[in-house]
Amino acid sequence: MHSPGTAGPAARTKGIEEKPHYLGHRDRLRERFASAGPDALPDYELLELLLFRLIPRADTKPVAKALLSRFGTLAEVLGAPVGLLQEVKGVGPAVALDLKVIAATAQRMARSEVHGREILSSWQQLLDYCRSAMAFEAREQFRILFLDKKNTLIADEVQQTGTVDHTPVYPREVVKRALELSATAIILVHNHPTRPFSITRDHDLAR
């Protein structure tokens, strides 16, 4: 029995806001990242880590999983347009814009990593780089990677932007630009907005 005027444990804790369940999860996830490194975390948990700062007062796991379910991979989430990102529940204009800032930073890093390296020796790196830059472009792009005699990257340029299912290719302009840059080899890449991202040879100028 509690004497009159003396509050019991339940009464004393009443009104004190309980700690949200997701805060402990955030701490554990940060600890795993710090101790085991990024390779120990699947894509949705890495995306959760990004969303912690962008959505500070909500459980971000459902948002991360919804984004990956919609777009496929972490690179494709970051490559998605702001408008499509906002169609996912829990992603507002500010969060969508912040994701694009992160995407721009990642693309800048990828460009720096590829520049000056023998990119032909790492096809997967080239594919990942192009996917992050082009996967969710609303219109077809014709992109050219210019290489020197050692197969190192001189420049990465979007030469033409077309419609949803067509982009013009002008061999004369490609050769002209290659000569301007003293390139000895080129990689031609274009996307297909109407189907899953791939690097194709359907407009191979060498044929």
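A. View of the overall build of the protein chain. Across its full length, the protein chain holds nine helices and three strands. For the protein chain, the N- to C-terminal ordering of α and β elements is α-α-α-α-α-α-α-α-β-β-α-β. Taking all 207 residues of the protein chain together, 34% fall into the buried category. The long-range share in the protein chain, meaning contacts at least 24 apart out of those at least 6 apart in sequence, stands at 53%. Accessible area of the protein chain: about 12700 Å², with a carbon and sulfur share of 55%.

B. Molecular detail of the environment of Leu47. Topologically, Leu47 is positioned in helix H3 (residues 43–54). What makes Leu47 buried here is its relative accessible area of 0%. Counting along the chain gives 31 residues from Leu47 to Leu78, while the straight-line C-alpha distance between them is 9.6 Å.

C. Looking closely at the nonpolar core. Counting 25 residues, the largest nonpolar core has Leu47, Leu51, Leu67, Leu85, Val91 and Leu99 as the members making the most contacts within it. Take this core: its biggest share by element is six residues, from H3. Among all residues touching Leu47, those that are not within four sequence positions of it are Ala64, Leu67, Leu68, Leu74 and Val77. By size, the runner-up hydrophobic cluster in this structure holds ten residues, among which are Ala110, Leu126, Cys130 and Met134.

D. Representation of the packing of H3 against helix H4 (residues 61–71) within the structure. For the pair H3 and H4, interaxial distance at closest approach is 9 Å and the crossing angle is 125°. When the interaxial angle is binned, H3 and H4 end up oblique. In this structure, H3 meets H4 at a crossing whose hand is right-handed. Contacts between H3 and H4 pair Asp43, Tyr44, Leu47, Glu48 and Leu51 from the former with Lys61, Val63, Ala64, Lys65, Leu67 and Leu68 from the latter. Along the lines of polarity and charge, the residues of the contact of H3 with H4 split into seven nonpolar, no polar and four charged.

E. Looking closely at unusual backbone geometry. The backbone of Ser182 shows a phi angle near 60°, a positive value even though the residue is not glycine. Of the residues examined, Ser182 reaches a relative accessible area of 56% and is grouped as exposed.

F. Expanded view of the pairing of strand S1 (residues 141–147). The buried fraction of S1 is high, at seven of seven residues. Taking every second residue as pointing to the same face, both faces of S1 are buried, with Gln141, Arg143, Leu145 and Leu147 on one and Phe142, Ile144 and Phe146 on the other. Summarising the sheet, S1 and strand S3 (residues 185–190) pair through six bridges and their orientation is antiparallel. Note that in S3 the partner of Arg143 across the bridge is Val189.

G. Representation of H4 within the structure. Residues Val63, Ala64, Leu67, Leu68 and Phe71 constitute the buried set of H4. Buried residues in H4, looked at end-on, bunch into an arc of 130°, giving them a common side. At the C-terminal side of H4, Gly72 shows a positive phi close to 110°.

H. Geometry of the side chain of Arg26. One can find Arg26 in helix H2 (residues 21–36). Polar side-chain contacts of Arg26 include one of 2.7 Å to the backbone oxygen of Ile55. Polar contacts involving the side chain of Arg26 include one to the main-chain carbonyl oxygen of Ala58, which spans 2.7 Å.

I. Quick peek at the packing of aromatic side chains. Summed over all chains, the structure comprises zero aromatic pairs. Its guanidinium or amino end placed over the ring of Tyr44, Lys65 lies 4.8 Å from that ring's centre, counting from NZ or CZ.

J. Spatial organisation of the pattern of salt bridges. Inspection of the entire model under this criterion finds six salt bridges. With its nearest N and O atoms 2.9 Å apart, the salt bridge here joins Arg143 to Asp156. Of this pair, Arg143 sits in strand S1 while Asp156 sits in strand S2 (residues 153–161), and the two are 13 residues apart along the sequence. Salt-bridge contacts for Arg177 lead to Glu157; the nearest nitrogen and oxygen are separated by 2.5 Å. Remark: Glu157 occurs in strand S2 and Arg177 occurs in helix H9 (residues 171–180); sequence separation between them is 20 residues. Owing to a relative accessible area of 27%, Arg177 belongs among the partly exposed residues under this scheme. Judged by its relative accessible area of 24%, Glu157 falls in the partly exposed class. Residues joined in a network through salt bridges with shared partners are Glu157, Arg177 and Glu180.

Here is what the cut-offs are and how they apply
- Residues numbered from 1 in each chain as written.
- Predicted model: local features only at pLDDT ≥ 70, side-chain atom pairs only at ≥ 80, totals over all residues.
- Heavy atoms only, no water.
- Helix = DSSP H or I, 4+ residues; strand = E, 2+ residues; numbered from the N terminus.
- Buried < 20%, exposed > 50% of the residue type's maximum accessible area, 1.4 Å probe, protein only.
- Contact = heavy atoms within 4.5 Å.
- Areas by Shrake-Rupley, 256 points an atom, 1.4 Å probe, with all protein chains shown as cover.
- Core = buried A, V, L, I, M, F, W, Y, C linked by side-chain atoms within 4.5 Å.
- Axes fitted to C-alpha atoms, helices over the stretch in contact; angles between N-to-C directions.
- Parallel < 35°, antiparallel > 145°, perpendicular 65-115°, else oblique.
- Left-handed = near helix turned anticlockwise from the far one by under 90°.
- Nonpolar A, V, L, I, M, F, W, Y, C, P; charged D, E, K, R; others polar.
- Pairing = 2+ DSSP bridges.
- Arc of directions from axis to C-beta.
- Polar contact = N/O pair within 3.5 Å; in protein donor to acceptor, adjacent residues only side chain to side chain.
- Phe/Tyr/Trp six-rings, centres within 6.5 Å; stacked < 30°, edge-to-face > 60°.
- Lys NZ or Arg CZ within 6 Å of the ring centre and 35° of its normal.
- Salt bridge = Lys/Arg side-chain N within 4 Å of Asp/Glu carboxyl O.

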